[in-house]
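# Coordinate inspection notes
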Amino acid sequence: MREIALHLLDIAENSVTANAKNITLTVCEDLQGDQLSASVIDDGKGMSAEMAASVVDPFVTSRTTRKVGLGIPLFKTAAEACNGKLVINSEIGKGTRLDVEFQHSHIDRMPLGDLSSTMLTLFVAYPQIRWLFEYSAIPADGKMEEKFVFDTQPVMAELGDMPLTEPAVLSFIREYIEDGVTRVRDASNGSSTIQYQ
Amino acid sequence: MPAIKSLEDLKRVREEALEKRKVKTTEGAIQVTVAMGTCGIAAGARDTMKAILDHIESNNVSGVIVTQTGCIGKCDYEPIVSVSVGAEPKVVYGRINPERARKIMQEHVVDGKVLTDWIVPA
């Protein structure tokens, strides 16, 4: 996969499959600490400690369609190649938390990618789940942290039985997410982009 | 630069959409499903999904539900998109890039004509 945002989409799908009702997805671009971190936290059915330790092995999966699961191993390898790590904490009946870190400036770090598409895709496809999306940036120059938080619960409460795929509703949600993500991204780019004369 | 959106705006958007829906006749529910296992995502399923949503927005297609599913075991055909219209049998399309997705949206979902080229053999 070419983007961190695609990996996060993939990991969030695991949370959906684990019957989570609440899923939190966070991304932080910390330019002061030179770190890009992300997490996916769910209240799904969870895994035993043995299973949580072994899902990083491609030949361990809970799926039944095939005997290999590549999502987590690929993400872990990508993180470790960039002085980072991937950690899974899980408890049966409580949920699972996945944390991943990359050295932000590492030459091999894949781009964050299209985070707003990942958020929109997850929300539209699984509106019955309460999503909490958080994207923040800590600029290198010590300016204030910029943060976009999107809790889908108030939106669903307002919409009632109106589907998210009604064109006007879809436009509203898409623009809302894109505005928020762009605002944070601009804050993180402003101080890290090399200025060519 | 768009103004910051609020829940008040959403309320208005909802009411307007509700009005539009009343005008529409009640056709059979249309469901479009994009497979989004690791295999689907790696093959470009998110871009396919985005193209479907873009088509809904730009052509003002009302009454379509878009959802996702996991890996269905036909990874070499990803991205896979299936369309079910009312009681008609579900049609499963394979190797659907954004361009093909837009064609499916226009011809199958909007015009009601099943496309034969990309159907995944059962």
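Let us look at the overall build of chain A. Within chain A, the regular secondary structure consists of 6 helices and 6 strands. Start at the N end of chain A and walk to the C end: the helices and strands fall as α-β-β-α-α-β-β-α-β-β-α-α. Per element, the accessible surface of chain A, about 9100 Å² overall, is 52% carbon and sulfur.

Below, the discussion takes up the interface of chain B and chain A. Contacts between the two partners involve 39 residues from chain B and, on the opposite side, 42 residues from chain A. Across the chain B to chain A interface the summed buried area is about 3500 Å²; carbon plus sulfur atoms make up 62%. Contact with chain A buries surface across chain B, with Lys 5, Arg 46 and Glu 57 of chain B losing the most and accounting together for 23% of the total. For the pair chain B and chain A, the number of links is 4 salt bridges. In this structure, Asp 161 of chain A and Arg 14 of chain B form a salt bridge, with 4.0 Å as the shortest nitrogen-oxygen distance. In this assembly, chain B and chain A are joined by 13 residue pairs in polar contact (both at pLDDT 80 or more). At the level of elements, α1 (7–23), α2 (38–42), α3 (45–58) and β2 (64–69) of chain B are the ones that each hand at least two residues to the side of chain B that touches chain A. Counted by class, the side of chain B that touches chain A contains 21 nonpolar, 10 polar and 8 charged residues.

Here the focus is helix α4 (residues 98–110) of chain B. Residues and elements named next belong to chain B. The sharpest bend along α4 comes to roughly 25 degrees, located at Ile 104. What α4 keeps buried is the set Ala 101, Ile 104, Met 105, Glu 107, His 108 and Val 109. Residues of α4 that are buried in the fold lie against β1 (30–35), α3, β2, β3 (81–85) and β4 (91–93). Downstream of α4 by one or two residues, Gly 112 has phi in the positive range, about 75 degrees.

We now examine the sheet that holds strand β2 (residues 35–42) of chain A. Residue and element names in this part refer to chain A. Judged by pairing direction, the sheet is mixed, and its 6 strands sit side by side in the order β3-β4-β2-β1-β5-β6 without closing on themselves. Two strands lie at the open edges of the sheet, namely β3 (85–91) and β6 (146–151), each paired on one side alone. Here the average twist between neighbouring strands, direction ignored, is 5 degrees. Relative to strand β4 (residues 95–103), β3 runs antiparallel, the two sharing 7 bridges.

This brings us to the pattern of salt bridges. Residues and elements named next belong to chain A. Inspection of every chain in the model, using the stated rule, returns 16 salt bridges over all chains. Across the salt bridge formed by Lys 147 and Glu 134, the nearest N and O atoms sit 3.6 Å from each other. Linking Lys 147 in strand β6 with Glu 134 in strand β5 (residues 130–138), this pair joins segments that are 13 residues apart in sequence. Classification of Glu 134 as partly exposed rests on a relative accessible area of 21%. In this structure, Arg 174 and Glu 178 form a salt bridge, with 2.9 Å as the shortest nitrogen-oxygen distance. Taken together, the residues span about one helical turn, with Arg 174 and Glu 178 both in helix α6 (residues 167–192) at a distance of 4 residues.

A word on the sheet that holds β4 of chain B. Residue and element names in this part refer to chain B. The strand order across the open sheet formed by 4 strands is β2-β1-β3-β4, and the pairing between neighbours is mixed. Edge positions in the sheet fall to β2 and β4, since each of these pairs with one other strand and no more. Across the sheet, the axes of successive neighbouring strands diverge by a mean angle of 20 degrees, strand direction being ignored. Of the strands in this sheet, β1, β2, β3 and β4 touch α4, which is tilted by about 20 degrees from β3.

The next thing to look at is the environment of Val 114 of chain B. With respect to the secondary-structure elements, Val 114 of chain B resides in the segment after α4. Taking the C-alpha atoms as reference points, Val 114 of chain B and Val 91 of chain B, separated by 23 residues in sequence, lie 7.8 Å from one another.

This part takes up the confidence of the model for chain B. Detailed reading of predicted coordinates is not advised where the pLDDT is low. With 90% of its residues at a pLDDT of 70 or more, chain B has an overall mean of 86. Among the prediction metrics, the complex's ipTM stands at 0.83, with pTM recorded as 0.87.

So, on to the packing of helix α1 (residues 4–17) of chain A against helix α3 (residues 71–80) of chain A. All names here are of chain A. The geometry of α1 relative to α3 is characterised by a closest axis approach of 10 Å and an angle of 145 degrees between their N-to-C directions. The interaxial crossing formed by α1 with α3 has left-handed handedness. Facing Ile 4, His 7, Leu 8, Asp 10, Ile 11 and Asn 14 of α1, the residues of α3 in contact are Gly 71, Ile 72, Leu 74 and Phe 75. In the contact of α1 with α3, the residues fall into 6 nonpolar, 3 polar and 1 charged.

Turning to α1 of chain A, a few remarks are in order. Residue and element names in this part refer to chain A. Taking 1.5 Å per residue, 14 residues should reach 20 Å; α1 reaches 20 Å between its end C-alpha atoms and fits that length. Most of α1 is tucked away: 12 of the 14 residues are buried. All of the buried residues along α1 are Ile 4, Ala 5, Leu 6, His 7, Leu 8, Leu 9, Asp 10, Ile 11, Ala 12, Glu 13, Ser 15 and Val 16. Of the residues one or two after α1, Asn 19 is the one with positive phi, at around 60 degrees.

Quick notes on the rules
Residues numbered from 1 in each chain as written. Chains lettered and ligands numbered in written order. Predicted model: local features only at pLDDT ≥ 70, side-chain atom pairs only at ≥ 80, totals over all residues. Heavy atoms only, no water. Helix = DSSP H or I, 4+ residues; strand = E, 2+ residues; numbered from the N terminus. Areas by Shrake-Rupley, 256 points an atom, 1.4 Å probe, with all protein chains shown as cover. Contact = heavy atoms within 4.5 Å. Buried area = accessible area lost by both parts, 1.4 Å probe. Salt bridge = Lys/Arg side-chain N within 4 Å of Asp/Glu carboxyl O. Polar contact = N/O pair within 3.5 Å; in protein donor to acceptor, adjacent residues only side chain to side chain. Nonpolar A, V, L, I, M, F, W, Y, C, P; charged D, E, K, R; others polar. Bend = angle between axes of the 7 residues up to and from the residue. Buried < 20%, exposed > 50% of the residue type's maximum accessible area, 1.4 Å probe, protein only. Pairing = 2+ DSSP bridges. Axes fitted to C-alpha atoms, helices over the stretch in contact; angles between N-to-C directions. pLDDT = per-residue confidence, 0-100. Left-handed = near helix turned anticlockwise from the far one by under 90°. Expected span 1.5 Å × (residues − 1).

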